[in-house]
Amino acid sequence: MRALERVGVATVTVTARDAAGHRVVRTTRVAVRPAAPFEVAHVVRTLAAGERVEGALPGRYVAATRRAHVTVGTGPSVAWLPALDRLRDYPYGCVEQTTSRAFPLLALATLARDAHPDGGDASSVDLLAVDQAIERVLSMQTGDGGLAPWPGQDTSWAYGSVYGAHFLVEAQRSGRTVPPDRLDALLDRLDETLRAGRGGAYEAFVLALAGRPTGTWLEVLAERATTDEDRARLASAYVRRGELAAARALLEPTVVAAPTEGPAPTAAPTAAPAVTDDVLSFLFAASASARGADVGARGTPAALASPLRADAILLDALVEANLADPRVPGLVARLTSSLATARTTQEDATVLLALVHHEAKVRGAAGPANGRLVVGGRELSFRGGATLEVGPDGPWTWAVEVDAPVTLVVRVEGVPIDAGDAPRAQGMTLTRRIVGGDGGFVRGRTYRVELEGTVPADAAELLVAGHAGATPRPLARVASGGELSRIALAVAVTTCRQGDDASAATLIFDEID
């Protein structure tokens, strides 16, 4: 028996006959579940002048659940749609997520206002969502002036505080209503954090953006800066102080010297070490593997960090300090292409902010395109750009033809007909046993399900949380060199107290630096 390609309740009728001519008919109803969860996917591509695309829309979905939106345009903002969609649809709302959802909308509203002083295009930006985000962010303010991760919590989160303050300062500068006493309390908190030595480049930048004096902290932090992200934040702060030469000096490409002796590890280990002597080599091999994959190589000191986010922050600084820098075109191309793939809210927001700020500097280069767009049987001739959609009842087809280069974004959603990739054990085993189920199940009785699994030894991986409440992530993806040293010491101290060596009182490190 095979279900039709529909989701819902199916009726099944079974007829049985025997040789004597007896006939029995039984009818029952069976729930037909989706083969896979509901999904949203984006396809982004460019078309050359005179090129034509025609055929079926991407994906195979249950007809009653499918929907597609096709957008065509000449400006770079068309390629931003997938990230904007993801941020709009994101269902949760901690201080980071709330800020990330609204920050790009604020930047887009500013871009539209500057491009159309009469307000012609500003109505297309959801400013109500920005105002709601301002209210929600401030609902997480704590007694010390900072911002907690979630409403109702009374302990402020350092990164959430500076990120939220950045958004609120920009919102106030853009003319949105931000209670000045609440914002002042938050900025006072950043100032206290910086002066106590617990803050860094981001705090200094936000204070400079707000017009607060930073004293000599920019110079102190510039001397200590070891990552591209920190240097970029400080460069942006110097721009706010009117010191363009200092900003450009910080943004000069850095050259990392190669080790002078000893071969560098090239592969991550397959298992965690069992003895203390191997801990350091294990940790630093993991770090070397990460550097080879360009993951975490920038040493960004935050659980939300990533190379993509660091590149976006660098682009933002270059746009302000030196738009002619040869790195700018490559960063724009790389960040734009990244938006077609699902990312974290932090990455989506930071990348969008950088690209919007870049577009504000260079907009107007692309001319209008003329063409024809057909989606689901509906046809539209356009100049400049167009959007069409098709719902469950329309044909799953499309066609586009243009006379100038354009960007296409196709958003498809629905319940996939196919289940996708089959589950893979990847060396793991899982055994399920129902206790008390012998002889069949009885309504109202309680049964116990026992699950027992095994994991191969080479699948072991160290997960690290950078601070309380952070999501533990693989060590090779999040740890900088300094963090590796501290983690190595922690693991060494912990493991030396285990097993036969529990009485060890002295640890000797050779060239621990």
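Residues numbered from 1 in each chain as written. Predicted model: local features only at pLDDT ≥ 70, side-chain atom pairs only at ≥ 80, totals over all residues. Heavy atoms only, no water.

Chemist: Help me out: how do you make sense of helix H5 (residues 180-195) in this one?
Modeler: Side chains that are three or four residues apart share a direction in an α-helix, a result of its 3.6 residues per turn. An ideal rise of 1.5 Å per residue puts 22 Å on 16 residues; H5 measures up with 22 Å between its terminal C-alpha atoms. All of the buried residues in H5 are Leu183, Leu186, Leu187, Leu190, Asp191, Thr193 and Leu194. Within H5, the buried residues cover an arc of 160° as seen down the axis, which keeps them to one side. Where H5 is buried, its residues touch helix H4 (158-173), helix H6 (201-209) and helix H7 (217-224). (Helix = DSSP H or I, 4+ residues; strand = E, 2+ residues; numbered from the N terminus. Expected span 1.5 Å × (residues − 1). Buried < 20%, exposed > 50% of the residue type's maximum accessible area, 1.4 Å probe, protein only. Arc of directions from axis to C-beta. Contact = heavy atoms within 4.5 Å.)

Chemist: What should I look at first to understand the pattern of salt bridges in this one?
Modeler: Note on pairing: side chains with opposite charge can pair once their charged atoms come close. Summed over the entire model, instances satisfying the criterion amount to 27 salt bridges. Note that arginine 189 and aspartate 144 form a salt bridge whose closest N and O atoms lie 3.4 Å from each other. Taken as a pair, arginine 189 in helix H5 and aspartate 144 in the loop between helix H3 (127-138) and H4 lie far apart in primary sequence, 45 residues in all. With relative accessibility at 34%, the residue aspartate 144 sits in the partly exposed group. One connected set of salt bridges, linked through shared partners, spans Arg52, Glu54, Arg372, Glu379 and Glu401. (Salt bridge = Lys/Arg side-chain N within 4 Å of Asp/Glu carboxyl O.)

Chemist: Sorry, what's going on with the sheet that holds strand S4 (residues 52-56) here?
Modeler: Spatially, S4-S9-S6-S7 is the arrangement adopted by the 4 strands of the open sheet, whose pairing is antiparallel. Both outer strands of the open sheet, S4 and strand S7 (378-383), are each paired with one neighbouring strand and no more. Taken over all neighbouring pairs, the strand axes of this sheet differ in orientation by 10° on average, direction set aside. Relative to strand S9 (residues 397-402), S4 runs antiparallel, the two sharing 5 bridges. Residue glutamate 54 lies in a different strand from S9, and its bridge partner there is alanine 399. (Pairing = 2+ DSSP bridges. Axes fitted to C-alpha atoms, helices over the stretch in contact; angles between N-to-C directions.)

Chemist: Just checking my understanding: could you explain the packing of helix H1 (residues 81-89) against helix H13 (residues 345-362) for this structure?
Modeler: Packed helices, taken two at a time, are described by the angle their axes make and the gap between the axes. Here H1 crosses H13 at 135°, and the two axes come no closer than 10 Å. In terms of orientation, H1 and H13 fall into the oblique class. Here H1 and H13 pass one another in a crossing that is left-handed. Counting all contacts with H1, which are made through Ala83, Leu84, Arg86 and Leu87, the residues of H13 involved are Thr345, Asp348, Ala349 and Leu352. The class makeup of the residues in the contact of H1 with H13 is 5 nonpolar, 1 polar and 2 charged. (Parallel < 35°, antiparallel > 145°, perpendicular 65-115°, else oblique. Left-handed = near helix turned anticlockwise from the far one by under 90°. Nonpolar A, V, L, I, M, F, W, Y, C, P; charged D, E, K, R; others polar.)

Chemist: For this particular structure, what's the right way to read the nonpolar core?
Modeler: Generally speaking, a soluble globular protein has its nonpolar side chains buried in company with each other. Counting residues in each nonpolar core, the largest one holds 75 residues, and the members touching the most others are Phe167, Leu168, Val206 and Leu315. Looking at this core element by element, the count peaks at 9 residues for helix H11 (residues 307-321). In this structure valine 206 touches Val162, Ala165, His166, Val169, Leu187 and Leu190, once residues within four positions along its chain are discounted. Of all hydrophobic cores here, the second largest spans 23 residues; its members include Ala68, Val70, Ala386 and Ala404. (Core = buried A, V, L, I, M, F, W, Y, C linked by side-chain atoms within 4.5 Å.)

Chemist: In this structure, what is going on with the confidence of the model for the chain? I would like to understand it.
Modeler: Should the pLDDT be low somewhere, the predicted coordinates at that spot are not to be read in detail. Chain-level pLDDT for the chain is 80 on average; 81% of the residues reach the 70-or-more range. In the model, residues 114-123 has pLDDT below 50 throughout and makes 5 contacts with residues more than four positions away in sequence or in other chains. Of the regions scoring below 50 in pLDDT, residues 255-302 engages in 65 contacts with residues more than four places distant in sequence or in other chains. (pLDDT = per-residue confidence, 0-100.)

Chemist: How do you make sense of the sheet that holds strand S5 (residues 67-73) when you look at a structure like this?
Modeler: By way of backbone hydrogen bonds, the strands of a sheet pair with one another, either parallel or antiparallel. Taken in spatial order, the 4 strands of this open sheet run S3-S10-S5-S8, and their pairing is antiparallel. Taken across any chain shown, the strands that pair with only one partner, and hence form the sheet edges, are strand S3 (39-47) and strand S8 (385-390). Adjacent strand axes in the sheet meet at a mean angle of 10° when their direction is disregarded. By the bridge criterion, 6 bridges tie S5 to S8 in an arrangement that is antiparallel. Along S8, the bridge assignment pairs glycine 73 with glycine 385.

Chemist: Could you clarify how one ought to interpret the environment of glutamate 452 in this entry?
Modeler: Inspection of the secondary structure puts glutamate 452 in strand S12 (residues 448-454). Counting along the chain gives 19 residues from glutamate 452 to arginine 433, while the straight-line C-alpha distance between them is 8.5 Å. The contact partners of glutamate 452, leaving out residues within four places of it in the chain, are Thr429, Leu430 and Thr431.

Chemist: It is not clear to me how the packing of aromatic side chains should be interpreted in this structure. Could you clarify?
Modeler: A ring pair, where both rings are aromatic, is described by two values, the distance of the centres and the angle of the planes. Counted according to the given criterion, the structure contains 7 aromatic pairs. With a centroid separation of 5.6 Å and an interplanar angle of 80°, the aromatic rings of tyrosine 90 and tyrosine 92 are classed as edge-to-face. The class of tyrosine 90 is partly exposed, set by a relative accessible area of 27%. According to the relative accessible area criterion, tyrosine 92 is exposed, its value standing at 52%. Each ring, one from tyrosine 159 and one from tyrosine 202, has its centre 6.1 Å from the other, and the planes form 45°; the classification is tilted. Pair noted here: tyrosine 159 is in helix H4 and tyrosine 202 is in helix H6, with a separation of 43 residues, a long-range link. Here the two residues tyrosine 159 and tyrosine 202 agree in accessibility, since each one is buried. (Phe/Tyr/Trp six-rings, centres within 6.5 Å; stacked < 30°, edge-to-face > 60°.)

Chemist: What is the right way to read a nonpolar patch on the surface from this model?
Modeler: A cluster of nonpolar residues, Leu430, Ile434, Phe441, Val449 and Leu451, forms a patch on the protein surface that exposes about 540 Å² of accessible area. At the level of elements, strand S11 (429-435) and S12 are the ones that each hand at least two residues to the nonpolar patch. Among the structural elements, valine 449 can be located in strand S12. (Patch = residues over 30% accessible without salt bridge, like charges linked within 9 Å, V, L, I, M, F, W, Y side chains within 5 Å. Areas by Shrake-Rupley, 256 points an atom, 1.4 Å probe, with all protein chains shown as cover.)

Chemist: Looking at this model, I keep getting lost on the side chain of serine 338. Mind explaining?
Modeler: Among the secondary structure elements, serine 338 is positioned in helix H12 (residues 327-338). Residue serine 338 is classed as buried on the basis of its relative accessible area of 5%. With residues up to four places along the chain from it excluded, the contact list for serine 338 reads Leu308, Arg343 and Val351.

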